[in-house]
Amino acid sequence: QVQLVESGGGLVQPGGSLRLSCAASGSIFSIYVMRWYRQAPGKEREFVAAISWSGGSTYYADSVKGRFTISRDSAKNTVYLQMNSLKPDNTAVYYCNADLSVTGTMIRRDYWGQGTQVTVSS
């Protein structure tokens, strides 16, 4: 019904920057919130940032405040995560999450992307 595809991951040096993208496609849908999560090896998946689609309100994990910025392009059904001042402990698979309802239904649920690897290393 709905697919989320992340892109933009890769290898960067500490202090570097990277911008992740996540595009939603498939069925006609209405987005409520899109979020970024990440999962480092041996750790639980954790929340990184979120943005509401209607008002654009943003929310961040304390660990990334001031360094990461989440934004959206509603016309493209795309959410971005600008990651600055990257640290080695930011290394993880970053996942896109969409809270949405498919047009014609009254079901609101989460969809997940496949993840994109971010590696911060010198």
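The structure we're discussing is the one just above.
Predicted, not measured: the structure shown is a model, and the values here were computed from it. (Residues numbered from 1 in each chain as written. Predicted model: local features only at pLDDT ≥ 70, side-chain atom pairs only at ≥ 80, totals over all residues. Heavy atoms only, no water.)

Student: Teacher, can you tell me more about the overall build of the protein chain here?
Tutor: Summing up its helical and strand segments, the protein chain has zero helices and 11 strands in all. A compact globule built from 122 residues would reach a C-alpha radius of gyration of about 14 Å, and the protein chain, at 14 Å, matches this within 12%. For the protein chain, the proportion of its 122 residues judged to be buried stands at 43%. Sequence-distant contacts, at least 24 apart, represent 54% of the contacts inside the protein chain between residues at least 6 apart. Carbon and sulfur atoms make up 48% of the accessible area of the protein chain, which totals about 6,400 Å². One finds the centroid of the 12 positive side-chain charges in the protein chain at a distance of 4 Å from the centroid of its 8 negative side-chain charges. (Helix = DSSP H or I, 4+ residues; strand = E, 2+ residues; numbered from the N terminus. Rg over C-alpha atoms; globule rule 2.2 N^0.38 Å. Buried < 20%, exposed > 50% of the residue type's maximum accessible area, 1.4 Å probe, protein only. Contact = heavy atoms within 4.5 Å. Areas by Shrake-Rupley, 256 points an atom, 1.4 Å probe, with all protein chains shown as cover. Lys, Arg positive; Asp, Glu negative; His and termini not counted. Charge placed at Lys NZ, Arg CZ, Asp CG, Glu CD.)

Student: Would you explain the environment of Ser 57 in this entry?
Tutor: Residue position: Ser 57 is located in the loop between strand 5 (46–52) and strand 6 (58–60). Classification of Ser 57 as partly exposed rests on a relative accessible area of 35%. The spatial distance from the C-alpha of Ser 57 to the C-alpha of Ile 107 is 23 Å, given a sequence separation of 50 residues.

Student: Looking at this structure, how should I read the sheet that holds strand 8 (residues 78–83)?
Tutor: By way of backbone hydrogen bonds, the strands of a sheet pair with one another, either parallel or antiparallel. Here we have four strands laid out as an open sheet, ordered 1-3-8-7, and antiparallel in their pairing. A single partner strand is all that each edge strand has here, and the edge strands are strand 1 (2–7) and strand 7 (68–73). Recorded for the sheet is a direction-independent mean angle of 15° between the axes of neighbouring strands. Summarising the sheet, strand 3 (residues 18–26) and strand 8 pair through six bridges and their orientation is antiparallel. When the sheet's bridge partners are listed, Arg 19 is paired in strand 8 with Gln 82. (Pairing = 2+ DSSP bridges. Axes fitted to C-alpha atoms, helices over the stretch in contact; angles between N-to-C directions.)

Student: Honestly, the pattern of salt bridges in this entry has me stumped. Any pointers?
Tutor: Note on pairing: side chains with opposite charge can pair once their charged atoms come close. Tallying each qualifying case throughout the model produces five salt bridges. Of the charged contacts, one joins Arg 35 and Asp 99 as a salt bridge, the two residues approaching to 3.8 Å between their closest N and O atoms. One end of the pair, Arg 35, is in strand 4 (residues 29–39); the other, Asp 99, is in strand 9 (residues 92–102), and 64 residues separate them in sequence. According to the relative accessible area criterion, Asp 99 is buried, its value standing at 8%. The closest approach of N and O atoms between Arg 108 and Asp 99, which form a salt bridge, is 2.8 Å. Within the structure, one salt-bridge network assembled from shared partners comprises Arg 35, Asp 99, Arg 108 and Asp 110. (Salt bridge = Lys/Arg side-chain N within 4 Å of Asp/Glu carboxyl O.)

Student: How should the state of the cysteines be read in this particular structure?
Tutor: One covalent bond between the sulfur atoms of two cysteine residues makes up a disulfide. Within the structure shown, the criterion is met by one disulfide. Disulfide pairing is shown between Cys 22 and Cys 96; the S-S distance is 2.1 Å. Taking the sign of the S-S torsion, -80° for the link of Cys 22 and Cys 96, the bridge is left-handed. Here Cys 22, found in strand 3, pairs with Cys 96, found in strand 9; they are 74 residues apart in sequence, far enough to count as distant. Look at Cys 22 and you get buried, because its relative accessible area is 0%. A relative accessible area of 0% means that Cys 96 is categorised as buried. (Disulfide = S-S within 2.5 Å.)

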